[in-house]
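Here are the chains, one letter per residue:
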Amino acid sequence: MLFRSHALLDLTGAQTHAQVLYHGLSYLNVNSASGQLHAEVRNSAPRLFRMYVTTPDLIADGFINSVPADVKVDMVGNDIQYHASSTISEIFTQLTRTNGDSISADVTGIPSSIDLTFDAASSQIVWSSSSVVSGISIAAHLTPATLGTPQAFDGTLTITSIPTAWSVGYGNGNVDFTTNGSGIGSIAATVTNHGTVHT
């Protein structure tokens, strides 16, 4: 059973309304000593968590399905480690502006263990995880008013089966992407400024 919790922020009408409802929190610890960050959250059970933000210019919402019962995050130097008691099936968010702009992002199958290193000195990013990321999907619509162009922009990107190990090197003006033996499942992208994509 998933227990529903949420956070809400409403900034419309020249007023501020905020609400947080979280069920089953049993332990919370954050330590930021010595320039490091160590955090742990424990819940009585995995739970669905929803987020809502409303301002005069935009509306955004999203959810995590589901927040694991135990989550640990450690940031030491250039290394970030995430460990959880279970995988997260989906994280979704969408944003719509009053001028017609919109963007959405959806990530499925988030592993229970992730190690991500940003090595700026070596111009390298290294990822390692306990399982593949099932998929990432992004969609965007940008209006002519935002772009300063006569036409709107629509784009989508979908990546499936992101491997458990990959790295990106970007030194000397070159970009090198390397994965383990399984490779990426598929990459699909569309871009148009006339509303229709022909395949």
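See above for the structure.
First, a word on scope: everything that follows refers to the structure included in this document. Keep in mind that what you see is a predicted model, and the values were worked out from it rather than measured.

Of regular secondary structure, the chain possesses 1 helix and 17 strands. If one aligns the C-alpha atoms of the chain with their principal axes, the spans along those axes are about 50 × 50 × 35 Å. Put simply, the chain has 199 residues, and 23% of those count as buried. Summed over its atoms, the accessible surface of the chain is roughly 11800 Å², and 59% of this surface lies on carbon and sulfur atoms.

Counting 13 residues, the largest nonpolar core has Tyr82, Ile114, Trp127, Ile162 and Trp166 as the members making the most contacts within it. Breaking this core down by element, the ones donating at least two residues are strand E8 (79–84), strand E11 (113–119), strand E14 (153–162) and strand E15 (165–169). Contact partners of tyrosine 82, with chain neighbours within four places excluded, come to Pro68, Val71, Lys72, Val73, Ile88, Pro111, Ser112, Ser113 and Ile114.

Quick look at the sheet that holds strand E7 (residues 70–76) now. Backbone hydrogen bonds are what pair the strands of a sheet, in a parallel or an antiparallel way. Spatial ordering of the open sheet is given by E3-E4-E7-E8-E11-E12-E15-E16, a layout of 8 strands whose pairing is antiparallel. Of all strands in the sheet, those bounded by a partner on one side alone are strand E3 (25–31) and strand E16 (176–179). When strand polarity is set aside, the average angle formed by the axes of neighbouring strands in this sheet is 5 degrees. Where strand E12 (residues 124–129) and E15 come together, 5 bridges link them in antiparallel fashion. Bridge pairing in E15 places tryptophan 127 opposite tryptophan 166.

Examined against the element boundaries, glutamate 40 turns out to sit in strand E4 (residues 37–43). Engagement of the side chain of glutamate 40 in a polar contact is seen with the side chain of arginine 42, the distance being 2.9 Å. Contact partners of glutamate 40, with chain neighbours within four places excluded, come to Tyr27, Leu28, Asn29, Asp70, Val71 and Lys72.

Thresholds, definitions, all that
Residues numbered from 1 in each chain as written. Predicted model: local features only at pLDDT ≥ 70, side-chain atom pairs only at ≥ 80, totals over all residues. Heavy atoms only, no water. Helix = DSSP H or I, 4+ residues; strand = E, 2+ residues; numbered from the N terminus. Buried < 20%, exposed > 50% of the residue type's maximum accessible area, 1.4 Å probe, protein only. Areas by Shrake-Rupley, 256 points an atom, 1.4 Å probe, with all protein chains shown as cover. Core = buried A, V, L, I, M, F, W, Y, C linked by side-chain atoms within 4.5 Å. Contact = heavy atoms within 4.5 Å. Pairing = 2+ DSSP bridges. Axes fitted to C-alpha atoms, helices over the stretch in contact; angles between N-to-C directions. Polar contact = N/O pair within 3.5 Å; in protein donor to acceptor, adjacent residues only side chain to side chain.

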